Every structure is written in C-alpha cells, then in structure tokens.
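# Fold and contact review
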Amino acid sequence: MNAVFVVGLLAVSTTLAWTLTTRRRDRRLGLRATGLALCEFAGLWTVLLALNLALGVTIVLAVRTATPFFISMYVLNDISLAIASGLQAFVVYWRRHPGVTEAA
Amino acid sequence: MSAASVILRCVGAVALGGFVAVAYTPAPNLLNRVFSPPARLEPAAAIVVLAGGGVRGDGSLSDVSLRRTLHGIALYRRGLAPLLAFSGPAAGGMGPAEGDVRSALAREVGVPRSAIISETTARTTREEASRMSALLLPRGVRRVLLVVDTQGAYRAARLFERNGFDPLLAPAEDVSSVDGSPEGRLDLARRLAIEIVALAYYRVAGYL
C-alpha cells in the first residue's frame, strides 16, 4: 500500500512538473532527451558513489594496516554519503554539459 | 555522443531499474530468504549476543543493539542456556562499551550477575568469535545460541565454527524481512549489500 501511494504521488508530481516547465519555457528537450539525460546523471551518481565507497574501503583498510587505529567499515554505511555523491554527480554533470544551464 | 556518455547512460539505466526493483517490488524480500538460515532455538551452554549498532551518544543502546540484547535476554528467560554473553566495544574506544551497557540492562531486568559475561574488546565479527572462544571454551562451552542479524548469521556461524563452537542460530531481525514499504525494502537491500561485500571480503581474506 505504501509503495502504491508513493508511486502515485511521484507520478502526479512528475506530470505536474513536466507540464509546468514545458508551458513556461520553450524546451528543446523532449521526453527521449530528458530520459537520456536522467540516465546519464544517474550513471554519474552511481559511479561516484561506487568510487566513494571504494576509496573509503581502501582508506579504512590502510589505516587498520598501517596504524594502531581502528576504523569500522560501518562508517561507510551512512546515508549522507549517498546523498553527497548525488551532489557531486550534479557538479560533474554540469561541468560536462555547461550549455544546458547556460542556455536556461 | 561520446563513449563516456553512452557508458554512463547504460550504468544509469541499470541503476534506475535496480532502484525501482528494490524499492517497489518484493525483490529484496525474496533475496533475503537466501541469506536467512533457519533459527534453531535449542538448549545450549551459552547465549552469545554479537555487537551491532553500538551505543548512542547519550550512553543508551542503539535500536539494533537493544533488539539483539532483548532477544538474548528472552532466550535466557526461556531457560535455553545458563550463560548470557554480551559483546560490543566502546565507540572509538571512548565512552561506555556496548557489552557493558547490555550487561547492565540484563542485570536490571533480573538476570543474575553470575550468569552474565561481557566482552568489550572485539571490533569485528572475526574478533568476536576469537575472543568468545578464549572466554567460553575454557568453561567447557561449545554449543552456543548465536544472536546476530539475519543477514550476517551465516558468516557469524562459520566464524564461530572455525573457533571451536557448535553454533545454533537465533537471529534477531534488525531489519524486517517482510516490510513492504519502499523505505523498508531499501533498508533491507542495503543490509544485504553490506553482507554480500562482507562475505566476499572474508572469503578473499581467508577468514571463512
């Protein structure tokens, strides 16, 4: 039931946002182009999250091996890492496609 | 379109599909069954409650730790073992140790001091198995009820076997395996992912 409600809510808000933004601006981006951009952004997010996790594991193991200190692997089990990776992905995406925001 | 863009779009499409499958379908609940060995609640020589979640900044047990502790106490109250061993270090080596806070809670609810063992130095599951063997095997304890999260039960049981124990699993569900909410499923998927990585690491390192 929760899943149905959340999916319905997202469908309504996405439709509203799509309608409002296409009315106010003469967007060149169609549905297909938007989908591809979403996939690229999600790909960047995924890659950056994986890199952050891999780097974190490397640092934790290095500290455990080379120093008397102990860092738990569970420090990487933090939701803020996933959110911050999304922000990093936005910055990288914008740097890859500066024309998108400059045109807007 | 660059090759990098194509690769990123493919990765993104897989990630988005994975997110939808994990959050909005029962996929993680089904996968969890693979990682859920059956509980064996039989008489044993001791109940071993593994660390999990630690102690919060205010000195109280985390939700996960409290859930496991209460499960261990309930097993003791059912008369399944005469000894109750708690594990758990202090976070960052400072403040109260999880094992000690658990022991204090057990005493408060009527478990006699003589029946409680607290181990506060082990920082990983492998160390817990090793330290518990040093504490319990000399007492003749081999058959233990192992209180751990469902997902980590297999790995913990193998480690305890390698350290001379005959473990019986008494998992406490830190994360509900039947939660149908998207958040619950994402949480379950995260726990499964952590355990899959931990299993791989323990195998590569030769710990299992």
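Here, the structure is the one placed above.
Let me begin by describing the structure that accompanies this report. Every value quoted in this text rests on a predicted model; they were computed, and no experiment measured them. (Residues numbered from 1 in each chain as written. Chains lettered and ligands numbered in written order. Predicted model: local features only at pLDDT ≥ 70, side-chain atom pairs only at ≥ 80, totals over all residues. Heavy atoms only, no water.)

Next up on the list: the overall build of chain A. Counting its regular elements, chain A contains 4 helices and 0 strands. In chain A, buried positions account for 13% of the 104 residues. The long-range share in chain A, meaning contacts at least 24 apart out of those at least 6 apart in sequence, stands at 58%. Accessible surface for chain A amounts to roughly 7600 Å². Of this, 71% is attributable to carbon and sulfur atoms. (Helix = DSSP H or I, 4+ residues; strand = E, 2+ residues; numbered from the N terminus. Buried < 20%, exposed > 50% of the residue type's maximum accessible area, 1.4 Å probe, protein only. Contact = heavy atoms within 4.5 Å. Areas by Shrake-Rupley, 256 points an atom, 1.4 Å probe, with all protein chains shown as cover.)

Residue and element names in this part refer to chain B. Taking strand neighbours across the sheet as the criterion, the 5 strands line up as β3-β2-β1-β4-β5 in an open arrangement whose pairing is parallel. For this open sheet the edge positions go to β3 (116–119) and β5 (166–169), each flanked by a neighbour on one side alone. Averaged over all adjacent pairs, the angle separating strand axes in this sheet is 25°, with direction ignored. Where strand β2 (residues 84–87) lies against β3, 4 bridges are found, and the strand directions are parallel. Across the sheet, the residue bridging to S87 is E119, located in β3. Its contacts with the sheet place helix α6 (residues 153–162) against β1 (46–49), β4 (143–147) and β5, and it is angled at close to 160° to β5. (Pairing = 2+ DSSP bridges. Axes fitted to C-alpha atoms, helices over the stretch in contact; angles between N-to-C directions.)

This brings us to the pattern of salt bridges. All names here are of chain B. A full pass over the atoms with the stated rule returns 13 salt bridges over all chains. Between D58 and R56 there is a salt bridge; the shortest N-O distance is 3.8 Å. Residue classification places D58 among the exposed residues on the basis of a relative accessible area of 57%. Accessibility expressed as a relative area gives 44% for R56, which makes it partly exposed. (Salt bridge = Lys/Arg side-chain N within 4 Å of Asp/Glu carboxyl O.)

With that settled, the discussion passes to helix α3 (residues 79–96) of chain A. End to end, α3 of chain A covers 26 Å across 18 residues, agreeing with the expected 26 Å (1.5 Å per residue, within 8%). Tucked inside the fold, the buried residues of α3 of chain A contact α2 (31–66) of chain A. (Expected span 1.5 Å × (residues − 1).)

Moving on to the interface of chain B and chain A. In this complex, chain B contributes 21 residues to the contact, which on the side of chain A involves 22 residues. Between chain B and chain A, a total of about 1700 Å² is buried, with carbon and sulfur atoms accounting for 69% of that surface. Summed over the shared surface of chain B and chain A, the result is 1 salt bridge. Close ionic contact of R9 of chain B with E40 of chain A constitutes a salt bridge, the shortest N to O distance being 3.3 Å. One can count 3 residue pairs in polar contact (both at pLDDT 80 or more) joining chain B with chain A. Every element with two or more residues in the side of chain B that touches chain A is listed here: α1 (3–24) and α7 (182–204) of chain B. (Buried area = accessible area lost by both parts, 1.4 Å probe. Polar contact = N/O pair within 3.5 Å; in protein donor to acceptor, adjacent residues only side chain to side chain.)

Residues and elements named next belong to chain B. Mapped onto the secondary structure, R67 falls in helix α3 (residues 63–77). Judged by relative accessible area, R67 falls into the partly exposed class, the value being 46%. Expressed as a C-alpha distance, the spacing of R67 and G53, which sit 14 residues apart in the sequence, is 10.0 Å. Every residue in contact with R67, bar those within four places of it in the chain, is listed here: E173 and D174.

Quick look at the packing of helix α2 (residues 27–34) of chain B against α7 of chain B now. Residues and elements named next belong to chain B. It is the contact of α2 with α7, at a shortest axis distance of 9 Å, that shows an interaxial angle of 35°. When you trace α2 past α7, the crossing you get is left-handed. On α7, the residues that touch P28, N29, L31 and N32 of α2 are R185, L188, A189 and L192. (Left-handed = near helix turned anticlockwise from the far one by under 90°.)

A few words now on the side chain of E98 of chain B. All names here are of chain B. When you line up the elements, E98 lands in helix α4 (residues 98–108). Assessed through its relative accessible area of 2%, E98 is described here as buried. Within the structure, the side chain of E98 is placed 3.1 Å from the backbone nitrogen of G52, a separation counted as a polar contact. Not counting chain neighbours up to four residues away, the residues in contact with E98 comprise A51, G52, G54, V55, L61, S65, S87, G88, P89 and A90.

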